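Next come the chains, spelled out residue by residue.
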Amino acid sequence: MNSTNRSTAAELPGTAQAMVTVDDIWTDDRIALENDKDALRQSVIDHFGRTLGRDIDHAAAHFLYKAVALSVRDRMMERWLATRQAVESGVQRHTCYLSMEYLMGRALRNAVHNLDLQDELGKALEELGLTLEQTEQLEADAGLGNGGLGRLAACFLDSCASLALPVTGYGLRYRYGMFRQSIDKGFQIERPDSWLSEGHVWELERPELSCRVRFGGRVDLITELNGNIIHRWVDTDDVRAVPFDVPVPGHDNGIVNTLRLWNSSATDEFNLHEFNAGGYTEAVAAKNAAENITMVLYPNDASENGKVLRLRQQYFLVSASLQDALRIWLLHNDGFQGFADAHCFQLNDTHPSLAVAELMRLLVDDHRLSWDEAWSITTRVMAYTNHTLLPEALECWSLDMIGALLPRPTEIIQEINRRFLEEVEQAMPGQLQQHAEMSIVSFDAQPVVRMAHLAIVGSFSINGVAALHSKLLKEGLFANFNRLWPTRFNNKTNGVTQRRWLAYCNPGMKSLLDSTLGESWTGRMELLEQLVPLADEQALQARWREVRNRNKLALARLVAERTGIEVSADMLFDVQVKRMHEYKRQLLCTLHAVHVYLDLLDGQDHVPRLVLIAGKAAPGYYMAKSIIKLINNVASVINGDKRTTDRLKLVFLPDYNVSAMEVICPAADLSEQVSTAGKEASGTGNMKFMMNGAVTIGTLDGANVEILEAVGSENFFQFGLSVDQVDGVRQGYAPSRIIAGDARLTRIFEAFDSGLFDAGEAELVRGVIDAARSPHDAWLTVADLPDYLDSQQQVEAAWQDTAGWTRKSIMNTACSARFSTDRTMQDYNRDIWRLQPIELPDRETI
Ligand code: 26Q
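What you see is a predicted model, and the numbers here were worked out from it, not measured in a lab.

Peer 1: Mind showing me how you'd approach the site of the ligand here?
Peer 2: Taken together, 22 residues form the shell around the ligand, and within it Leu149, His387, Asn494, Glu680 and Gly683 come nearest. Ala681 places a polar main-chain atom, nitrogen or oxygen, 3.3 Å from an oxygen atom of the ligand. Measuring from an oxygen atom of the ligand, one finds a backbone N or O atom of Ser682 at 3.0 Å. Protein burial of the ligand: of its 610 Å² of free accessible surface, 94% is covered by the chains. Counting residues per element, the shell around the ligand draws most heavily on helix H8 (residues 148-162), at 3 residues. A class-by-class count of the residues in the shell around the ligand yields 6 nonpolar, 10 polar and 6 charged.

Peer 1: For this particular structure, what's the right way to read unusual backbone geometry?
Peer 2: Most peptide bonds are trans, and most residues other than glycine sit at a negative phi. Within the chain, Ala164 stands out as a residue other than glycine whose phi angle is a positive 60°. On the secondary structure map, Ala164 appears in the loop between H8 and strand E4 (167-172). The phi torsion at Ala759 lies on the positive side, around 45°, for a residue other than glycine. Inspection of the secondary structure assignment puts Ala759 in the loop between helix H32 (743-753) and helix H33 (762-773).

Peer 1: Honestly, the nonpolar core in this entry has me stumped. Any pointers?
Peer 2: Looking at soluble globular proteins, one finds that nonpolar side chains tend to be buried together. Grouped together as the largest cluster of nonpolar side chains are 139 residues, with contacts concentrated most on Trp202, Phe420 and Trp833. Other than its neighbours up to four places away in sequence, Trp833 contacts Arg93, Thr95, Tyr97, Cys160, Val167, Cys344, Gln346, Met825 and Tyr828. Counting residues in hydrophobic clusters, the runner-up holds 63 residues, among them Leu572, Ile613, Ile638 and Trp805.

Peer 1: I'm lost on helix H29 (residues 704-711) in this one. Help?
Peer 2: Note: α-helices contain 3.6 residues per turn, so residues at a spacing of three or four share the same orientation. Of all 8 residues making up H29, 6 are buried, and the element is well covered by its neighbours. Those residues of H29 not exposed but buried are Asn704, Glu706, Ile707, Leu708, Ala710 and Val711.

Peer 1: Before we go on, may I ask you to explain the confidence of the model for the chain in this structure?
Peer 2: Caution is warranted with low-pLDDT regions, since their predicted coordinates should not be read in detail. When pLDDT is averaged along the chain, the result is 94, and 95% of the positions lie at 70 or above. Note that residues 1-16 has pLDDT below 50 and, in this model, 27 contacts with residues that lie over four places away or in other chains.

Peer 1: How should the sheet that holds strand E19 (residues 572-577) be read in this particular structure?
Peer 2: Judged by pairing direction, the sheet is parallel, and its 6 strands sit side by side in the order E21-E20-E19-E22-E23-E24 without closing on themselves. Looking along the sheet, the strands with just one partner apiece sit at the ends: strand E21 (648-652) and strand E24 (716-718). Within this sheet the neighbouring strands show an average axis-to-axis angle of 15°, counted without direction. Sheet topology places strand E23 (residues 695-698) next to E24; 3 bridges connect them, and they run parallel. Directly across from Thr696, in E24, lies its bridge partner Phe716. Lying on the sheet, H29 is in contact with strand E22 (670-673), E23 and E24; it crosses E24 at an angle near 135°.

Peer 1: Explain the environment of Arg380 here, please?
Peer 2: Within the secondary structure layout, Arg380 lies in helix H15 (residues 371-381). Separated by 223 residues in sequence, Arg380 and Leu157 place their C-alpha atoms 22 Å apart. In terms of polar contacts, Arg380 uses its side chain to reach the side chain of Ser376, at 3.1 Å.

Peer 1: Quick question: what am I supposed to make of the packing of aromatic side chains here?
Peer 2: For any two aromatic rings, the description comes down to two numbers: the centre-to-centre distance and the angle of the planes. Here the structure, examined in full by the defined rule, presents 16 aromatic pairs. Seen in terms of ring centroids, Tyr97 and Phe156 are 5.7 Å apart; in terms of plane orientation they differ by 70°. Their pairing is edge-to-face. Placement of Tyr97 in strand E1 (residues 94-98) and of Phe156 in helix H8 is noted, with a sequence separation of 59 residues between them. An identical accessibility class is assigned to Tyr97 and Phe156; each is buried. Taken together, a centroid distance of 5.7 Å and an interplanar angle of 40° make the contact between Phe420 and Trp485 tilted. Note that Phe420 is positioned in helix H17 (residues 407-427) and Trp485 in the loop between helix H21 (479-484) and strand E18 (489-491), a separation of 65 residues in sequence. Comparing Phe420 with Trp485, the two get one shared label, buried. For the cation-ring pair, Lys552 lies above Phe573, with the distance from its terminal atom to the ring centre recorded as 4.7 Å.

Peer 1: Before we go on, may I ask you to explain the pattern of salt bridges in this structure?
Peer 2: Proximity of charged atoms lets side chains of opposite charge pair with each other. Under the counting rule described, the total for this entry stands at 59 salt bridges. Notably, a salt bridge pairs Glu662 with Arg109, separated by 3.8 Å at the nearest N-O pair. Pair noted here: Glu662 is in helix H27 (residues 658-664) and Arg109 is in helix H5 (residues 108-114), with a separation of 553 residues, a long-range link. Judged by relative accessible area, Glu662 falls into the buried class, the value being 9%. Asp602 is the partner of Arg747 in a salt bridge, and the nearest nitrogen-oxygen pair spans 3.1 Å. In this pair, Arg747 sits in helix H32 while Asp602 sits in the loop between helix H25 (586-601) and strand E20 (609-614), placing the two residues 145 residues apart along the sequence. Here Asp602 falls in the exposed class, since its relative accessible area comes to 54%. Salt bridges linked by common partners bring Arg206, Glu208, Asp245, Arg260, Asp324 and Arg327 together as one network.

Peer 1: Help me out: how do you make sense of the side chain of Glu395 in this one?
Peer 2: Mapped onto the fold, Glu395 is located in the loop between strand E14 (382-385) and strand E15 (396-398). A distance of 2.6 Å separates the side chain of Glu395 from the side chain of Thr350, its partner in a polar contact. At 3.3 Å, the side chain of Glu395 forms a polar contact with the backbone nitrogen of His351. Residues within four places of Glu395 in sequence aside, it is in contact with Ser303, Asn305, Arg310, Gln314, Thr350, His351, Val449, Arg450, Met451 and Ala452.

Peer 1: Help me understand the packing of helix H3 (residues 37-51) against helix H6 (residues 118-127) in this model?
Peer 2: A packed helix pair is summarised by two numbers, namely the angle formed by the two axes and the spacing between the axes. Remark: H3 packs on H6, axes separated minimally by 8 Å, with the N-to-C direction vectors making an angle of 55°. Considered as vectors, H3 and H6 are oriented oblique to each other. In this structure, H3 crosses over H6, and the sense of that crossing is right-handed. Counted together, Lys37, Leu40, Arg41 and Val44 of H3 and Glu120, Leu121, Lys123, Ala124, Leu125 and Glu127 of H6 form the full contact between these two elements. Along the lines of polarity and charge, the residues of the contact of H3 with H6 split into 5 nonpolar, no polar and 5 charged.

Peer 1: How should I be thinking about the environment of Ser43 in this particular structure?
Peer 2: Mapped onto the secondary structure, Ser43 falls in helix H3. On the accessibility criterion, Ser43 (9% relative accessible area) is buried. Along the chain, Ser43 and Ala677 lie 634 residues apart, while their C-alpha atoms are 53 Å from each other. Residues within four places of Ser43 in sequence aside, it is in contact with Leu33, Ser71 and Arg75.

Rules behind the numbers
- As a convention, each chain's residues are numbered from 1 in the sequence order in which they are written.
- With pLDDT at 70 or above as the cut-off, local features in this predicted model cover only qualifying residues; side-chain atom pairs require 80 or more to be listed or tallied, and sums for whole chains, interfaces and linings still use all residues.
- For the side-chain quantities, the full set of heavy atoms in the structure was used; hydrogens and water were omitted.
- Summary of the distance rule: residues count as near a molecule or strand when at least one heavy atom falls within 4 Å of that molecule or strand.
- Side-chain atoms alone can form a polar contact between residues adjacent in sequence; in general such a contact is a pair of N or O atoms within 3.5 Å, and within protein one must be able to donate a hydrogen while the other accepts it.
- Where accessible areas are quoted, they stem from the Shrake-Rupley method and a 1.4 Å probe; at the residue level, only the protein chains shown are allowed to cover.
- Secondary structure elements follow DSSP: runs of H or I of four or more residues count as helices, runs of E of two or more count as strands, with numbering from the N terminus.
- Gly is put with the polar residues, along with every residue not named as nonpolar or charged; the nonpolar set is Ala, Val, Leu, Ile, Met, Phe, Trp, Tyr, Cys and Pro, and the charged set is Asp, Glu, Lys and Arg.
- Only buried Ala, Val, Leu, Ile, Met, Phe, Trp, Tyr and Cys residues count toward a nonpolar core, and they belong to the same one when joined by side-chain atoms within 4.5 Å.
- Exposed residues in this analysis have more than 50% of their type's maximum accessible area, buried residues have under 20%, and partly exposed residues fall in between, with area computed by a 1.4 Å probe over protein chains only.
- Throughout, a contact is declared for two residues whenever any of their heavy atoms are within 4.5 Å.
- pLDDT is a per-residue confidence score from the predictor, ranging from 0 to 100.
- Here a strand pair is declared whenever DSSP counts at least two bridges between the two strands.
- Interaxial angle, 0 to 180 degrees, is taken between N-to-C directions of lines fitted to C-alpha atoms, where a helix line uses only the stretch in contact.
- In summary, the pairing rule links any two rings of Phe, Tyr or Trp, Trp by its six-membered ring, whose centres are within 6.5 Å, and it sorts them by plane angle into stacked for under 30 degrees, edge-to-face for over 60 and tilted for everything else.
- Charge-over-ring placement is defined geometrically: NZ (Lys) or CZ (Arg) within 6 Å of the ring centre, and within 35 degrees of the ring normal.
- For salt bridges, the criterion is a side-chain nitrogen of Lys or Arg within 4 Å of an Asp or Glu carboxyl oxygen.
- For classification purposes, angles smaller than 35 degrees are called roughly parallel, those larger than 145 roughly antiparallel, those between 65 and 115 roughly perpendicular, and all remaining angles oblique.
- Crossing handedness follows the turn of the near helix against the far one: under a right angle anticlockwise gives a left-handed crossing, and clockwise gives a right-handed one.

What follows is the structure, given as structure tokens:
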């Protein structure tokens, strides 16, 4: 037995310490968990009967899924423990990724493929009268995120595990994830997503690692005997943070990293005064507030300012995660010497930026480091990723609110700010305007804490998520900071994991690529470039179209199931799926559909087209919800018209989520990425579509710029104003003149004015249309519309040349390597994290 490989000791009551190691638990002869068909079949039966206590008469489908998932989970356990031991051994540098959101989707298919179990498990299930595909559908999506930022975190975890990078995800275990969307008479209806109600087989509760998070109370100053003044945060309302670990298996490398999600629960203490005064029930009920913290994900993907529960969530995540990292460190170390060299905390937007203050508090108050020692550590471990340029999405918290909820962290923020402003004064003497602009706490009468400034001041690295976005951060939003600390700013273009987003969601394409390039492309995306010289080959093109056609049939089935609308796979599948936002301009897409419809009525032909739109609107975002209603109104006119039925369909697909995208992105021909230039930080849906062979129609925004550069202008339909032009156009912007000057636009807006699309909601629909016609329209929809319509005409011409289109499609997949999160993670690792790959002990069983 390898003694360096010992796990921590387990203490048994009344006995001397019992040493239990991984090797004791999994001796070679106990493993017996083979991965062949028969062993897998037996595992499923055992879990169904023994673990879950079911018999086949009560074979509620869900229990079959659970038995399968548990059988797969069993096969990760040893590797999971071994990975954790390697990461927590205290010698290896590692990264803690702090994020309020992880949009994981389903886990089964991903685990099965990453562990390479698909063939044997498929056969085992067949013998039990099941298919793997059916079984996978029974899993609920883990929808612990809103959109791009949350899904990015999930893709990062997958790539880190697959690259053997020691990265632990820290997040919250929301009881209710992203709401479920349905459509009633064209309106969005939200329903709670109780994804845990049937149990969650992937998580492992770890109450032994719980910690305490404090809220409220006050700060007492205490002078110690030696004259030191210390701050004691007292009379707090405490909440218990209980971790639930979710395994993150790497692809075919034996690594299983961890996503640690915190659940809030009450501490065991009661308000004794109330308790003893006979208020037993009240004292117990008061504990509810604690449980509420992780009850629900905020369904906004732009900040919802000022909600105290959101602030509690953020601090809860940050405090529990940092305490956990310090606890693990102190298992193997006496003090904090070396801590900074061994850690990086990557902040996913400003949502966890209280980490800067909280790490200072833990080091200074709890571990008695000096301010300077603590600050030196903090500013060597924190790194901040920005995901937005929209001013309204920048988080600010009122100083009063944060001071009442978190009195001690607030004092620390103010001290950080005092010292920071001294530094600004040194570097930019007398520039009071700069001080006011850069200050963490604003100089207003009602001061607010600017979370981005806190993150910037406390971090050694600040990155944007696409080249254009990072440039705009440096030149615009954070220009002052860039002047002060130019070396801190850098770019890390987003990516997506090709495992979930190509290999597993598009099995037809995977086998085509496997047979053309060999199987190793999954881990080496640059091999896709070998498709470039083959892009015109007839045999490849034919197989390519065949695969895509099957994918389109699958999407057509999903559309029919959810909406009752029948669409033909021969149509051009023109797709825009993403959160509903004015800046993303789902309206452009819809206005184009109206244009095609009116042309068809006028006797002008178009290629058959399905325009598919899907996405959720934040429940309080009136305009975004109105746009959904408008789309549905237009859709019912178009889809109800027999004259155009084989030429045009407009579909709003309800309840867009990760699993829906796994069906949508392999089937799209045209990917709509049409945001107002300068507004979309990166986009990641654009990358999923490209990888699967869709051609983009897009503006020069976010990562579209890099997609265009990678694939070449002949394989991308570019239109619209550039960032540099946008501000110019805003001056004296007169949409009505543009409409009057273009017959196509005139006709579109007249159709709306005629009431054709009102469906009894004239006020609402006209509200959207009038906003687009207003000189104050910040999104410049009308300004970009003529160019967009032209560009769509080029799309149609290109579509009619089947071989030419197939070539474009192949070229998009071929050039997509750089949009893999494997590349993104290597960039983070090279410039920010500097981690060594995990080395597992060389054991046969791992
Ligand atoms: C903040 C405070 C209170 C409540 C909610 C929020 C909140 C929650 C989520 C604010 C923003 C978000 C999510 C933002 C997001 O998804 N941004 C997207 O991030 C992607 C990954 O980098 C980019 O590709 C997209 O361009 C960007 O819009």
